[in-house]
Amino acid sequence: MLEEKIFNTGTVSINYGEGPASGPPLVLLHGAGGRWISFRTVIPQLVKDWHVYALDHRGHGLSGRLPGTYRILDYAQDAIAFVQNQISSPAHLWGQSLGATVSIAVAAQAPESVRAVVLEEPGLEFEELGPLGAYIRQMRELAASGRPAEALFANVADMTIEVPGLDDPVRLGDARDEAYLRFIAECLSQLEPEVLDVILAGQLGEGWDLEASLRRVFCPALFMQGDPALGGLEDQDAERAARLLPQGMLVKIQGAGHVIHRTKTEAALKAALEFLESV
């Protein structure tokens, strides 16, 4: 799919996948606890017309570990170093969840290096996790076990998640297919537990001002929102964040959860590509 390579920022090594030089540069940034391969549903289409780069954040996948440096600003510095040193022209960014929040920081801090951003369900709240906290604590326990992916598979299936509209948590193995469960097991087997400790402690956004950064994203920005009934951002939160973007456009993808490109792949591709090709 993509050829894996290593980029050294001077502080930490970043693992990334790179596709053929089929067009303008497009950098993919995944969510917390994931890996670049979380974009595997959309990469085959993207590589046809884009020069795709997909990064593992520090502490994730095959990227380096650096204790005490797992906050938005830390991830953003890695991405800025990457686009400024590995890409010769301003890059287009597509981030999901944590990756979308990092994309906001990158575009605000290095505007000359970013042509446009796709913000898929960015994290907007860093202190109040709500029901998500219980799920992250389960992830943290498995990530800290040090066991390989195959050994974690059954435990991942037994994790529970809150489902909108249901009173009781649902077993992950009853809500997701085997391929997804194996993907989660692989990600957790390669995850630095401190990444999740920072999130659980409400420290992810320390030293960073989300609202001020949104106001400084002067490039075109597509804000993709999932369905609140399926775990997507609430309408008022998405609408307010999108209004702060000087050139922001909000698109709500009906029937999509938090990971829009997985639950509604074709709709995510259509919205993202129509936007990217227009800027």
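Analysis parameters
- Residues numbered from 1 in each chain as written.
- Predicted model: local features only at pLDDT ≥ 70, side-chain atom pairs only at ≥ 80, totals over all residues.
- Heavy atoms only, no water.
- Helix = DSSP H or I, 4+ residues; strand = E, 2+ residues; numbered from the N terminus.
- Contact = heavy atoms within 4.5 Å.
- Polar contact = N/O pair within 3.5 Å; in protein donor to acceptor, adjacent residues only side chain to side chain.
- Expected span 1.5 Å × (residues − 1).
- Buried < 20%, exposed > 50% of the residue type's maximum accessible area, 1.4 Å probe, protein only.
- Axes fitted to C-alpha atoms, helices over the stretch in contact; angles between N-to-C directions.
- Parallel < 35°, antiparallel > 145°, perpendicular 65-115°, else oblique.
- Left-handed = near helix turned anticlockwise from the far one by under 90°.
- Nonpolar A, V, L, I, M, F, W, Y, C, P; charged D, E, K, R; others polar.
- Pairing = 2+ DSSP bridges.

A. Highlighting the environment of Asp-227. Relative to the elements of secondary structure, Asp-227 occurs in the loop between strand S9 (221-225) and helix H10 (235-244). For the pair formed by Asp-227 and Ser-189, sequence separation is 38 residues and the distance between their alpha carbons is 30 Å. Residues within four places of Asp-227 in sequence aside, it is in contact with Gly-232, Lys-252, Ile-253, Gln-254, Gly-255 and Ala-256. At a separation of 2.9 Å, a polar atom in the side chain of Asp-227 contacts the main-chain amide nitrogen of Ala-229.

B. Inspection of helix H3 (residues 98-109) at higher detail. In this model H3 runs 17 Å from its N-terminal to its C-terminal C-alpha over twelve residues, within 8% of the 16 Å that 1.5 Å per residue would give. Of all twelve residues in H3, eleven are buried, a share of seventy percent or more. Within the span of H3, buried status applies to Leu-98, Gly-99, Ala-100, Thr-101, Val-102, Ser-103, Ile-104, Ala-105, Val-106, Ala-107 and Ala-108. Buried residues along H3 sit against strand S3 (25-29), helix H2 (72-86), strand S5 (91-96), strand S6 (114-120) and helix H9 (210-215).

C. Quick look at the packing of H2 against H3. At their nearest, the axes of H2 and H3 sit 9 Å apart, and the two run at 65 degrees to each other. Of the possible angle classes, the one that applies to H2 and H3 is roughly perpendicular. Between H2 and H3 lies a crossing whose hand is right-handed. Seen from H2, the contacting residues are Ile-72, Leu-73, Tyr-75, Ala-76, Gln-77, Ala-79 and Ile-80; seen from H3, they are Leu-98, Thr-101, Val-102, Ala-105, Val-106 and Gln-109. Along the lines of polarity and charge, the residues of the contact of H2 with H3 split into ten nonpolar, three polar and no charged.

D. Representation of the sheet that holds S3. Spatially, S1-S2-S4-S3-S5-S6-S9-S10 is the arrangement adopted by the eight strands of the open sheet, whose pairing is mixed. The open sheet has two free edges, formed respectively by strand S1 (3-8) and strand S10 (248-252), since each of these has just one partner strand. With direction set aside, neighbouring strand axes in the sheet form an average angle of 20 degrees. Packing against the sheet, helix H12 (residues 265-276) makes contact with S3, S5, S6, S9 and S10, and its axis sits at approximately 170 degrees to S9.

E. How the structure looks around the environment of Met-1. Examined against the element boundaries, Met-1 turns out to sit in the segment before S1. Met-1 gets classed as exposed once you look at its relative accessible area, which sits at 57%. Residues Met-1 and Ala-272, 271 residues apart in the sequence, show an inter-C-alpha distance of 20 Å. What Met-1 contacts, discounting residues up to four positions off in sequence, is Trp-36, Arg-40 and Ile-43.

By themselves, these figures tell us nothing about what the structure is for.
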